[in-house]
Amino acid sequence: MTQHIGIVACSAEGAALCYRTICKEGADVLGPHAHPEVSMHTPSLADYVTCLDRGDLAGVAELMLASARKLAAAGADFLICPDNTIHQALPLVLPRSPLPWLHIADEVAKEAARRGYRRVGITGTKWLVDSNVYPDSLAANGLAFERPDEADRITANRIIMDELVCGRFEPSSIAAFQAIIVRLKARGCDAVVLGCTEIPLIIDDTNSSLPTLDSTRLLARAALSRACPVAV
């Protein structure tokens, strides 16, 4: 028996990539056309952005909990959130959640340690990079980290929020992300976290100067492993 995966979604492009990965790679685990049961809920992204802009993590948590309750009512067994930034609010969510969660940064950090990396660069929205979401998970797995400088954080945030979440993938923005990764490599990083679930839509191992840790697909695979423990 497989478990029912509940997706607490935030931005459409990242959530869609996570959902597609579960369904596509589910067939590799369970057989042709097969995947675990999946339900997804998301409020308007604007509601999340309003809370993030005013630093209202309690408000973010309430939005996540509203999705969690609806997914529990739909029969989900556990939850994932294919959005790195709003994991800042997860400590406020867990004590009140009707279901257990997988933590995206924990899954990425475990994979980084498994691959033998030592110093990992963090990319994502400015909210995410300024936070302790990845530093805490990386440190718990014995890994060091580097954040981009302030100018690069602002550039990445603009590209993510003005372009990637809207499904726009500009060559100049790909080049800007590549340059950010080059600078992280120069500071001693041996891998980079694609810490916005839309970044894997423009950056991967084929065009990055560092090995990439694709947070979206790593979370999807962790959910598959949990949902299909015998098959995996």
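Conventions adopted
- Per chain, residues are indexed from 1 in the order of the written sequence.
- For this predicted model, a pLDDT threshold of at least 70 governs which residues receive local features, and a threshold of 80 or more governs which side-chain atom pairs are given and counted, while totals over whole chains, interfaces and linings are taken from all residues.
- As a rule here, side-chain values come from all non-hydrogen atoms in the structure, and water together with hydrogens is ignored.
- Under the scheme used here, helices are H or I runs from DSSP no shorter than 4 residues and strands are E runs no shorter than 2 residues, and both carry numbers assigned from the N terminus.
- Atoms considered for the radius of gyration are the C-alpha atoms alone. The globule rule reads 2.2 Å times the number of residues to the power 0.38.
- Throughout, exposure labels follow a simple rule: accessible area from a 1.4 Å probe, protein chains only, divided by the maximum for the residue type, with under 20% read as buried, over 50% as exposed, and the rest as partly exposed.
- Contacts were defined at the residue level, with two residues in contact if any of their heavy atoms lie within 4.5 Å.
- Using the Shrake-Rupley algorithm and a 1.4 Å probe, accessible areas are obtained, with residue cover drawn only from the displayed protein chains.
- Positive charge is attributed to Lys and Arg, negative charge to Asp and Glu, and no charge count is given to His or to the chain ends.
- Positions of charges follow a simple convention, taking NZ of Lys, CZ of Arg, CG of Asp or CD of Glu.
- Whether two strands pair depends on DSSP finding at least two bridges between them.
- Axis geometry follows a simple rule: fit a line to the C-alpha atoms, using only the stretch in contact for helices, then measure angles between N-to-C directions, giving values from 0 to 180 degrees.
- Distance and chemistry together define a polar contact, namely a pair of N or O atoms within 3.5 Å, with one atom able to donate a hydrogen and the other to accept it when in protein, and with adjacent residues in sequence counting only for side-chain atoms on both sides.
- We call a set of buried residues a nonpolar core when its members are Ala, Val, Leu, Ile, Met, Phe, Trp, Tyr or Cys and they connect through side-chain atoms within 4.5 Å of each other.

S.K.: Any chance you could explain the overall build of the protein here in plain terms?
M.R.: Of regular secondary structure, the protein possesses 10 helices and seven strands. In summary, the protein has a C-alpha radius of gyration of 17 Å against a globular reference of 17 Å for 232 residues, a match within 12%. Overall, the C-alpha framework of the protein stretches about 45 × 40 × 35 Å when taken along its three principal axes. Buried positions account for 53% of the 232 residues belonging to the protein. Residue pairs in contact within the protein that sit at least 24 positions apart in sequence constitute 73% of those at least 6 positions apart. Summed over its atoms, the accessible surface of the protein is roughly 9,800 Å², and 52% of this surface lies on carbon and sulfur atoms. Between the averaged position of the 22 positive side-chain charges in the protein and that of its 27 negative side-chain charges there is a distance of 3 Å.

S.K.: Even after reading the chapter, I still don't get the sheet that holds strand β7 (residues 212–214), so can you show me in this structure?
M.R.: Sheet strands line up and pair through hydrogen bonds in the backbone, either parallel or antiparallel. Pairing is parallel across the open sheet formed by four strands, whose spatial order is β5-β4-β6-β7. Looking at the sheet topology across the chains shown, the edges are occupied by β5 (144–146) and β7. With strand direction ignored, the average angle separating the axes of adjacent strands in the sheet is 30 degrees. Both strand β6 (residues 191–194) and β7 contribute to a ladder of three bridges, which runs parallel.

S.K.: How should the side chain of Thr-216 be read in this particular structure?
M.R.: Inspection of the secondary structure puts Thr-216 in helix α10 (residues 215–227). Its relative accessible area of 1% is what places Thr-216 among the buried residues. Polar contacts involving the side chain of Thr-216 include one to the main-chain carbonyl oxygen of Thr-197, which spans 2.9 Å. Look past the residues within four positions of Thr-216 in its chain and what remains in contact with it is Gly-14, Leu-17, Cys-18, Cys-196, Thr-197 and Pro-200.

S.K.: Looking at this model, I keep getting lost on the sheet that holds strand β3 (residues 78–80). Mind explaining?
M.R.: Pairing is parallel across the open sheet formed by three strands, whose spatial order is β2-β1-β3. The outermost strands of the open sheet, each flanked by one partner alone, are β2 (38–41) and β3. Along the sheet, successive strands turn relative to each other by an average axial angle of 30 degrees, direction set aside. Examined bridge by bridge, strand β1 (residues 5–8) and β2 share four bridges and lie parallel to one another. By the bridge assignment for β2, Ile-5 is matched with Val-38. Each of β1 and β3 touches α10; the most contacted strand, β3, lies at about 170 degrees to it.

S.K.: Explain the side chain of Ser-39 to me, please; I cannot follow it from the model alone.
M.R.: Positionally, Ser-39 belongs in strand β2. Among residues more than four places away in sequence, those in contact with Ser-39 are His-4, Ile-5, Gly-6, Ile-7, Leu-71 and Ala-74.

S.K.: Just to check I follow, could you spell out the nonpolar core for this structure?
M.R.: Ranked by size, the top nonpolar core spans 35 residues in total, and within it Ile-5, Ile-22, Ile-80, Tyr-134 and Leu-213 carry the most contacts. Sorting elements by how many residues they give to this core places α10 first, with seven residues. Among all residues touching Ile-22, those that are not within four sequence positions of it are Ile-5, Ile-7, His-35, Pro-36, Val-38, Ile-80, Ala-220, Ala-223 and Leu-224.

Just distances and angles here, no functional claims.
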